Amino acid sequence: MARNMFGAGFLVRVTHTLLTWVVTLALFLHNTDLRKCEEQGELLLPVLFFLLVVLSVFLYFMVSLMDPGFILTDAVKGGSCSDEDMESMIPQSSTPRLRRCGYCLLQQPMRAKHCQTCKCCVRRFDHHCPWIENCVGERNHRWFIVYLLVQLLALLWALQIALSGISPSDTWGLWFRVNGFLLAALAVVAVFSVVVLLLLGCHLYLVSINCTTWEFMSRHRISYLKNCGIEENPFDRGVFCNLWDFFCICRTVVWEQMYHKKTTNSF
């Protein structure tokens, strides 16, 4: 984990952390609702907001440093069965053959993809996120969405707090001088609020239909999807089951079996 923390994403993580705490400090120091609550001895809201920010930073580092589902070894090499034996466990009538990655030469389970930034194959690959400098995959995808939700709550609350601190002035020049730093914080919070809201909405939609960002964007190039109909998704089990499986079931899914069962039933 230490190598990951101080690796290629070190500057990104430092930037995120500094930006978070600079904005938070600005909200506490200016004449906002937080400052007024402190002066009146009402510490509940300031403490809750501070804890929400701490939680968002904790989740950010957790998702950023977490193994997204890297495929580091070839299960076939360490096992007693050959490639043919492994493939024979999965009906081949309608299921694409197991393939090997052209970069790391490891066997790829269905829905896995090689990330050229991380230089590893990732199970149920969704995308590589430059802001967390890590892939989003089978093991950290649910936590990525939890992080987005907590981050959105913190940003919307910060937006309301920043607006409460804007002070009126006699002239525009004086108004900008008095509120300049708070206006900069407000602009940063507003931009990130829109970005996180869009990201969260898109990911919740994709989760509800059991589709990844990679599959949604590159459907026409993926071997197990390009022959399916435009509206057909072999992994879709309905909104409720998709959400339940995603957020509540922590296990490695053999997607080949689900694919075969769904494609067989469709005929």
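Counting of residues starts from 1 at the beginning of each chain's written sequence and follows it residue by residue. Given that this is a predicted model, residues contribute local features only at a pLDDT of at least 70 and side-chain atom pairs are listed and counted only at 80 or more, while totals for whole chains, interfaces and linings are drawn from all residues. Side-chain calculation: all heavy atoms of the structure are included, whereas hydrogens and water are not.

### Brief notes about the confidence of the model for the protein chain
- Averaged over the protein chain, the pLDDT score is 85; the fraction of residues at 70 or greater is 85%.
- On a scale of 0 to 100, pLDDT captures the predictor's confidence in every residue. Here a residue-residue contact requires only that any non-hydrogen atoms of the pair lie within 4.5 Å. Of the regions scoring below 50 in pLDDT, residues 76–93 engages in 20 contacts with residues more than four places distant in sequence or in other chains.

### Structural notes on the environment of tryptophan 131
- Put simply, DSSP H or I for four residues or longer makes a helix, DSSP E for two residues or longer makes a strand, and each gets a number counted from the N terminus. Among the secondary structure elements, tryptophan 131 is positioned in the loop between strand E6 (127–129) and strand E7 (134–136).
- Between the C-alpha atom of tryptophan 131 and that of histidine 16, which follows or precedes it by 115 residues, the distance is 8.2 Å.
- When neighbours within four sequence positions are excluded, tryptophan 131 is seen to be in contact with Val12, His16, Tyr60, Tyr147 and Phe192.
- At a separation of 3.0 Å, a polar atom in the side chain of tryptophan 131 contacts the side chain of histidine 16. Under the rule applied, a polar contact is a pair of N or O atoms within 3.5 Å (in protein, one hydrogen donor and one hydrogen acceptor; residues adjacent in sequence only if both atoms are side-chain atoms).

### Observations concerning the sheet that holds strand E1 (residues 70–71)
- Judged by pairing direction, the sheet is antiparallel, and its three strands sit side by side in the order E1-E5-E4 without closing on themselves. At either margin of the open sheet sits one strand with a lone partner, and together these are E1 and strand E4 (113–115).
- Strands are treated as partners if at least two bridges between them are detected by DSSP. Pairing of E1 with strand E5 (residues 120–122) involves two bridges; the strand directions are antiparallel. Considered in E5, the bridge of phenylalanine 70 is made with valine 122.

### Let's talk about helix H2 (residues 10–29)
- By this rule, a helix spans an expected 1.5 Å times one less than how many residues it contains. Relative to the 28 Å expected for 20 residues at 1.5 Å per residue, H2 spans 28 Å between its end C-alpha atoms, a close match to the ideal helical length.
- Residue exposure (1.4 Å probe, protein chains only): buried if accessible area is under 20% of the type maximum, exposed if over 50%, otherwise partly exposed. For H2, the set of buried residues is Arg13, His16, Thr17, Thr20, Val23, Thr24, Ala26, Leu27 and Phe28.

### Brief notes about the packing of H2 against helix H8 (residues 172–208)
- Two elements in contact, H2 and H8, have axes whose closest approach is 10 Å; the angle formed by their N-to-C orientations is 130°. By the angle between their axes, H2 is oblique relative to H8. Once H2 is placed against H8, the crossing between them reads as left-handed. Facing H2, whose interface residues are Leu19, Val22, Val23, Ala26 and Leu27, H8 presents Phe181, Leu182, Ala185, Val188, Val189 and Phe192.
- Class assignment for the residues of the contact of H2 with H8 results in 11 nonpolar, no polar and no charged. In this description, a line fitted to the C-alpha atoms serves as the axis of each element, helices being fitted only across the stretch in contact, and the angle between N-to-C directions of two axes falls anywhere from 0 to 180 degrees. An angle counts as roughly parallel when it lies under 35 degrees, as roughly antiparallel when it exceeds 145, as roughly perpendicular when it falls between 65 and 115, and as oblique in every other case. Throughout, a crossing is termed right-handed when the near helix is turned clockwise from the far one, and left-handed when it is turned anticlockwise from it by less than a right angle. Three categories are distinguished: nonpolar for Ala, Val, Leu, Ile, Met, Phe, Trp, Tyr, Cys and Pro, charged for Asp, Glu, Lys and Arg, and polar for the others, with Gly belonging to the last.

### Quick notes on the pattern of salt bridges
- The term salt bridge refers to a side-chain nitrogen of Lys or Arg lying within 4 Å of a carboxyl oxygen of Asp or Glu. Applying the stated rule across the entire model yields four salt bridges.
- The closest approach of N and O atoms between glutamate 39 and arginine 35, which form a salt bridge, is 3.6 Å. With glutamate 39 and arginine 35 both in helix H3 (residues 33–39), this residue pair falls four residues apart, about one helical turn.
- Judged by its relative accessible area of 57%, glutamate 39 is exposed.
- With a relative accessible area of 31%, arginine 35 lands in the partly exposed category.
- Where glutamate 215 meets arginine 111, a salt bridge forms, and the shortest distance between an N and an O atom there is 2.7 Å. Linking glutamate 215 in helix H9 (residues 213–217) with arginine 111 in the loop between strand E3 (107–108) and E4, this pair joins segments that are 104 residues apart in sequence.

### Points about the packing of aromatic side chains
- Between rings of Phe, Tyr and Trp, where Trp is taken as its six-membered ring, a pair exists when centres lie within 6.5 Å; planes separated by under 30 degrees are stacked, by over 60 edge-to-face, and by other angles tilted. What the rule picks out here adds up to 14 aromatic pairs.
- Here the aromatic rings of tryptophan 175 and phenylalanine 176 are separated by 5.1 Å at their centres, their planes lie at 75°, and the arrangement is edge-to-face.
- By way of ring pairs, the aromatic residues Phe28, Phe49 and Trp157 are connected into one cluster.
- Positioned above the aromatic ring of tryptophan 255 is the side chain of arginine 111, whose terminal nitrogen or guanidinium carbon lies 4.4 Å from the ring centre. Look at NZ for Lys and CZ for Arg. If either is within 6 Å of the ring centre and within 35 degrees of the ring normal, a charge sits over the ring.

### Remarks on the nonpolar core
- In plain words, nonpolar cores are sets of buried Ala, Val, Leu, Ile, Met, Phe, Trp, Tyr and Cys residues tied together by side-chain atoms within 4.5 Å. Counting 34 residues, the largest nonpolar core has Leu27, Leu34, Phe49, Ile132, Phe144, Tyr147 and Leu148 as its most contacted members.
- Within the residue set of this core, elements represented by two or more residues are H2, helix H4 (44–65), helix H7 (141–164) and H8.
- The leading source of residues in this core is H7, at 11 residues.
- Once you skip the residues sitting within four places of it in the chain, leucine 148 turns out to touch Val196, Leu199, Leu200 and His203.
- Formed by 12 residues, the second largest nonpolar core is a distinct cluster that contains Ile222, Leu225, Trp255 and Tyr259.

### Examining unusual backbone geometry
- Positioned with a positive phi, arginine 111 is a non-glycine residue whose angle comes to about 80°.
- Unusually for a residue other than glycine, arginine 124 sits at a positive phi of about 40°.
- By the element assignment, arginine 124 lies in the loop between E5 and E6.

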